[in-house]
Amino acid sequence: AGLSRSTVSRAMCDDPMQSRKTCERVQKLAKEIGYRPSPMISALMSQLKRTRKTTTTGTIGLIDLFPEKNGWKKWRSLPPFIEGCKSRAEAFNYNLEHFWLGQPDLTPKRLNTILRSRGIIGLVVIPLFEMNAHMDMDITHFACATMGYSVKSPQMHRAARDYTKDIKIAIEKLSRLGYKRLGLVVPSQIEHLNEFHWSAGLLTYQQSIPKTRRIPVLMTSFFHENTGLKQAKSEFKEWYLKNKPDVILSYHDYVPKFLKQLGRSIPKDVGYVDLMHIKPDANFAGIHLDGQHVGGATIDLVFDQINGNEQGEPDFAKLTLVHGSWLDGDSVREQS
């Protein structure tokens, strides 16, 4: 290039002190000779420039796509996930820094520039609770991962609960207790977000039992005080009275409330299993998985890419599944 090393370094980093023409010429030459910078070295140099006193290796960016500030806190599965990301990052001596894309004037392009200027090369995307979510940001220079299945583009590695394995664990336990008529009740939106893995697990099991014991899956309106709860009650009542399950597998505590309104007692009249058991001290039996494990697995996917000098959308995205374990509770009992 006929330039000093320091000038080339500034040009490769798009230093505003360097002319745009020189930056473009140097970057073009670098591309022609096949030069590819190491993101690990770039991140380290960025950290050293900022401070010589830091005890951390770097920073992982936590990208928040929710339209409202801290909207993810409304979902009971996400705070443990975020905590798991933080704990795992700290184990690698990394910080976790939150970036909310809904912040006024923070466009995806500007965020991209901020992240690169600070040497942040690893990103975890907080999943939205909507189908086919999209993050309108170029991830060419980043090692990215997310949780669950909602973020469809750009393509990235992801960690998720093994919903199919979870429901299999529950079915095996309930079968040993003597339950015969297993019913699955889930909000349609949640099952769509989970890519129907709970339904798949139950329907697979039903192929091994007599048709008279097979109960159709009920995908109700969304279980939310302000969204479809009244309709969900009506759908549940019709389904329950028609199919008469002896145990119900569901999500959250709305089904027990519906059963109480129908005059049914748990577990005397019908058993109940919470497939996403969050609080180990609750009375319900169910499948417990601390979301921190999924958060940790997501961070591992980011570090695998950093260590392998991989950035951008992968040709073949990885999916890491983490299953839960059975948690005893008073909502089921051995059948006579």
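Residues numbered from 1 in each chain as written. Predicted model: local features only at pLDDT ≥ 70, side-chain atom pairs only at ≥ 80, totals over all residues. Heavy atoms only, no water.

(A) Inspection of the environment of leucine 275 at higher detail. Inspection of the secondary structure assignment puts leucine 275 in strand S11 (residues 271-277). Overall, leucine 275 belongs to the buried group, its relative accessible area being 0%. As a C-alpha pair, leucine 275 and serine 87 span 188 residues in sequence and 25 Å in three-dimensional space. (Helix = DSSP H or I, 4+ residues; strand = E, 2+ residues; numbered from the N terminus. Buried < 20%, exposed > 50% of the residue type's maximum accessible area, 1.4 Å probe, protein only.)

(B) Representation of the packing of aromatic side chains. This model, assessed by the stated rule, comprises eight aromatic pairs. For the ring pair tyrosine 94 and phenylalanine 303, a centre distance of 4.8 Å and an interplane angle of 70° mean the geometry is edge-to-face. Note that tyrosine 94 is positioned in strand S2 (residues 94-100) and phenylalanine 303 in helix H11 (residues 291-307), a separation of 209 residues in sequence. Judged by centre distance (5.1 Å) and plane angle (75°), the ring pair of tyrosine 272 and phenylalanine 284 falls under edge-to-face. A residue pair is termed long-range when its members are at least 10 positions apart, and tyrosine 272 in strand S11 and phenylalanine 284 in the loop between S11 and strand S12 (285-288) qualify at twelve residues. (Phe/Tyr/Trp six-rings, centres within 6.5 Å; stacked < 30°, edge-to-face > 60°.)

(C) Examining the sheet that holds strand S14 (residues 325-327) more closely. Reading across the sheet, the six strands line up as S9-S8-S10-S11-S12-S14 and stay open at both edges, with mixed pairing between neighbours. Every other strand in the sheet has two partners, leaving strand S9 (218-220) and S14 as the edge strands with one partner each. Shown here is a sheet whose adjacent strand axes are inclined to one another by a mean of 25°, direction ignored. In this sheet, strand S10 (residues 247-250) lies alongside strand S8 (residues 182-187) in parallel orientation, the contact comprising three bridges. What sits directly across from leucine 184, in S10, is leucine 249. Relative to S11, helix H6 (residues 163-177) is tilted by about 155°, and along the sheet it contacts S8, S10, S11, S12 and S14. Sheet strands in contact with helix H10 (residues 254-261) are S8, S10 and S11, and its direction is about 145° off that of S10. (Pairing = 2+ DSSP bridges. Axes fitted to C-alpha atoms, helices over the stretch in contact; angles between N-to-C directions. Contact = heavy atoms within 4.5 Å.)

(D) Representation of the side chain of threonine 298. Along the chain, the position of threonine 298 falls in helix H11. On the accessibility criterion, threonine 298 (0% relative accessible area) is buried. At 2.8 Å, the side chain of threonine 298 and the backbone oxygen of valine 294 are in polar contact. Setting aside anything within four residues of it in sequence, one finds threonine 298 in contact with Phe81, Val124, Ala145, Thr146, Met147 and Ala159. (Polar contact = N/O pair within 3.5 Å; in protein donor to acceptor, adjacent residues only side chain to side chain.)

(E) Structural view of the pattern of salt bridges. In the structure shown here, the tally under the stated rule is seven salt bridges. Notably, a salt bridge pairs glutamate 24 with arginine 20, separated by 3.5 Å at the nearest N-O pair. Of this pair, glutamate 24 and arginine 20 both sit in helix H2 (residues 20-32), separated by four residues, roughly a single helical turn. The class for glutamate 24 is partly exposed, based on a relative accessible area of 48%. Here glutamate 195 makes a salt bridge to lysine 152, at a shortest N to O gap of 2.6 Å. Here glutamate 195, found in the loop between helix H7 (188-193) and helix H8 (197-206), pairs with lysine 152, found in strand S6 (residues 151-153); they are 43 residues apart in sequence, far enough to count as distant. (Salt bridge = Lys/Arg side-chain N within 4 Å of Asp/Glu carboxyl O.)

(F) Examining the packing of helix H4 (residues 78-91) against H11 more closely. Running from N to C, H4 and H11 point in directions that differ by 50°, and their axes come no closer than 6 Å. Looking at the two axes, H4 sits oblique to H11. Where H4 crosses over H11, the two elements pack in a sense that is right-handed. Side by side, H4 and H11 meet where Pro80, Phe81, Glu83, Gly84, Cys85, Ser87, Arg88 and Ala89 of the first sit next to Gly291, Gln292, Val294, Gly295, Gly296, Thr298, Ile299, Asp300 and Phe303 of the second. Class assignment of the residues belonging to the contact of H4 with H11 gives a composition of seven nonpolar, seven polar and three charged. (Parallel < 35°, antiparallel > 145°, perpendicular 65-115°, else oblique. Left-handed = near helix turned anticlockwise from the far one by under 90°. Nonpolar A, V, L, I, M, F, W, Y, C, P; charged D, E, K, R; others polar.)

(G) Highlighting the nonpolar core. Grouped together as the largest cluster of nonpolar side chains are 77 residues, with contacts concentrated most on Ile63, Leu174 and Trp198. Leave out the neighbours within four places in its chain, and tryptophan 198 touches Tyr163, Ile167, Leu184, Val186, Ile190, Glu191, Tyr251, Leu275 and Met276. (Core = buried A, V, L, I, M, F, W, Y, C linked by side-chain atoms within 4.5 Å.)

By themselves these figures say nothing about function.
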